Amino acid sequence: MMSKATKWLAGAPVALALAISLAACGSGSTGATGDATDALAGSDQSSTDRYTTADVTPIADIDITKLGLNTEGKLEVGTLSDAPPNIFIDESGNFTGYDNELLRAIATKLGLEVEFVATDFSALLSQVQTQQFDVGSSSISTTDSRRENVGFTNGYDFGFMAVVAKTDGGVNGFADLNDSTRIGVVQGTVQDDYVTNTLNLEPVRFPDYATVYANVRNGQVDAWVAPSQQAEGQVKDGDDTKIAESIVNTQNFMAYAVKKENQPLIDALNSGLDAVVADGTWSKLTKEWYPDRETPTDWKPGSKAAPAPQS
């Protein structure tokens, strides 16, 4: 049985516009996160625990009139339109995907409506910082440098990264990336930062996942360093491409971004996240969108007090 993301991709057009000129959008830390963090250094649970809250406020004690929202009673959410299975627009024109459906479930626990608006990842965090959106939903890795500008909820997913390449090409994993490899990344992502500041290579930067993948398919770039979730959502039979290597890393979990000063909203979303973990919704959605994925044993969603996800 095809997953929801695979069904969407089977009927969706792939953007074929070339974006090689985007390499001029910035060098070094321009367009990247500037962490100089080795995103593949391995799990570090102490790093995760440093930010995960000990517990959460009971849902019944959350006052949704005090959350500092742009519109009372509604979460205005910036997200992407092209990154299945996490965040995308389906054939009916509805925002969906694992991240967004989980956020809908959290909002339901809080009695809030949700309105999604498409944006580019490179702009999303600044838009959250200036509260153009109440929340950013885009499989956002919670790096230390990002925390200087925006706040984050507790983690709802763990991180892992992949290399996508042509099936008959010479790239078979991270070890094959060097200064003669044309490496594609989405601008401003952790993958951009990893290639730029850890590998010390200059990637070709693209505005979105569909475009960078199209450039792997047509041979304009040799490899795409991608979030594994998006790699799994884009690569399909008949594309003459492969996920050459995928490595799990739980050091920086995935979380929803919120304006740093809006602690009441962060607290409320944390309460909703623990609630959907406790009632099995998190596990249900995870199995629905990632039927073959195993959760690392050294990570769990929500606060430290949240129960382990249902198996």
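Residues numbered from 1 in each chain as written. Predicted model: local features only at pLDDT ≥ 70, side-chain atom pairs only at ≥ 80, totals over all residues. Heavy atoms only, no water.

1. Comments concerning the packing of aromatic side chains
Here is step 1 of the chain: Summed over all chains, the structure comprises 10 aromatic pairs.
Here is step 2 of the chain: Ring geometry for phenylalanine 88 versus tryptophan 289: centroids 6.0 Å apart, planes at 75°, classification edge-to-face. Of this pair, phenylalanine 88 sits in strand β3 (residues 87-89) while tryptophan 289 sits in helix α10 (residues 281-289); the two residues are 201 residues apart in sequence, bridging distant segments of the chain.
Here is step 3 of the chain: With a centroid separation of 5.6 Å and an interplanar angle of 70°, the aromatic rings of phenylalanine 158 and tryptophan 299 are classed as edge-to-face. One end of the pair, phenylalanine 158, is in strand β8 (residues 157-166); the other, tryptophan 299, is in the segment after α10, and 141 residues separate them in sequence.
Here is step 4 of the chain: Accessibility expressed as a relative area gives 1% for phenylalanine 158, which makes it buried. (Phe/Tyr/Trp six-rings, centres within 6.5 Å; stacked < 30°, edge-to-face > 60°. Helix = DSSP H or I, 4+ residues; strand = E, 2+ residues; numbered from the N terminus. Buried < 20%, exposed > 50% of the residue type's maximum accessible area, 1.4 Å probe, protein only.)

2. So, the nonpolar core
Here is step 1 of the chain: Formed by 63 residues in total, the largest nonpolar core has its most connected members in Leu75, Leu102, Val135 and Leu269.
Here is step 2 of the chain: If sequence neighbours within four positions are ignored, leucine 269 has contacts with Leu75, Leu103, Ile106, Leu110, Val135, Thr153 and Val258.
Here is step 3 of the chain: Counting residues in hydrophobic clusters, the runner-up holds 13 residues, among them Val163, Val171, Ile183 and Ala223. (Core = buried A, V, L, I, M, F, W, Y, C linked by side-chain atoms within 4.5 Å. Contact = heavy atoms within 4.5 Å.)

3. Topic: helix α6 (residues 190-198)
Here is step 1 of the chain: Burial of α6 is extensive: 7 of the 9 residues sit out of reach of the surface.
Here is step 2 of the chain: Of all the residues in α6, the buried ones are Val190, Gln191, Asp192, Asp193, Tyr194, Val195 and Thr196.
Here is step 3 of the chain: Where α6 terminates, the next one or two residues include asparagine 200, which has phi positive at roughly 55°.

4. Considering the pattern of salt bridges
Here is step 1 of the chain: Applying the stated rule across the entire model yields 13 salt bridges.
Here is step 2 of the chain: Where arginine 50 meets aspartate 144, a salt bridge forms, and the shortest distance between an N and an O atom there is 3.3 Å. With arginine 50 in the loop between α2 (45-49) and β1 (74-79) and aspartate 144 in helix α5 (residues 144-147), this residue pair connects regions lying 94 residues apart in the sequence.
Here is step 3 of the chain: Across the salt bridge formed by arginine 217 and aspartate 239, the nearest N and O atoms sit 3.6 Å from each other. With a gap of 22 residues between them, arginine 217 in helix α7 (residues 209-217) and aspartate 239 in the loop between α8 (228-234) and β12 (241-259) connect regions that are remote in the sequence.
Here is step 4 of the chain: Residue arginine 217 is classed as partly exposed on the basis of its relative accessible area of 30%.
Here is step 5 of the chain: For aspartate 239, a relative accessible area of 8% corresponds to the buried category. (Salt bridge = Lys/Arg side-chain N within 4 Å of Asp/Glu carboxyl O.)

5. Brief notes about the confidence of the model for the protein
Here is step 1 of the chain: The pLDDT averaged across the protein works out to 85; a share of 83% of its residues lies at or above 70.
Here is step 2 of the chain: Between residues 1-37, whose pLDDT stays under 50, and residues either more than four places distant or in other chains, the model counts 92 contacts. (pLDDT = per-residue confidence, 0-100.)

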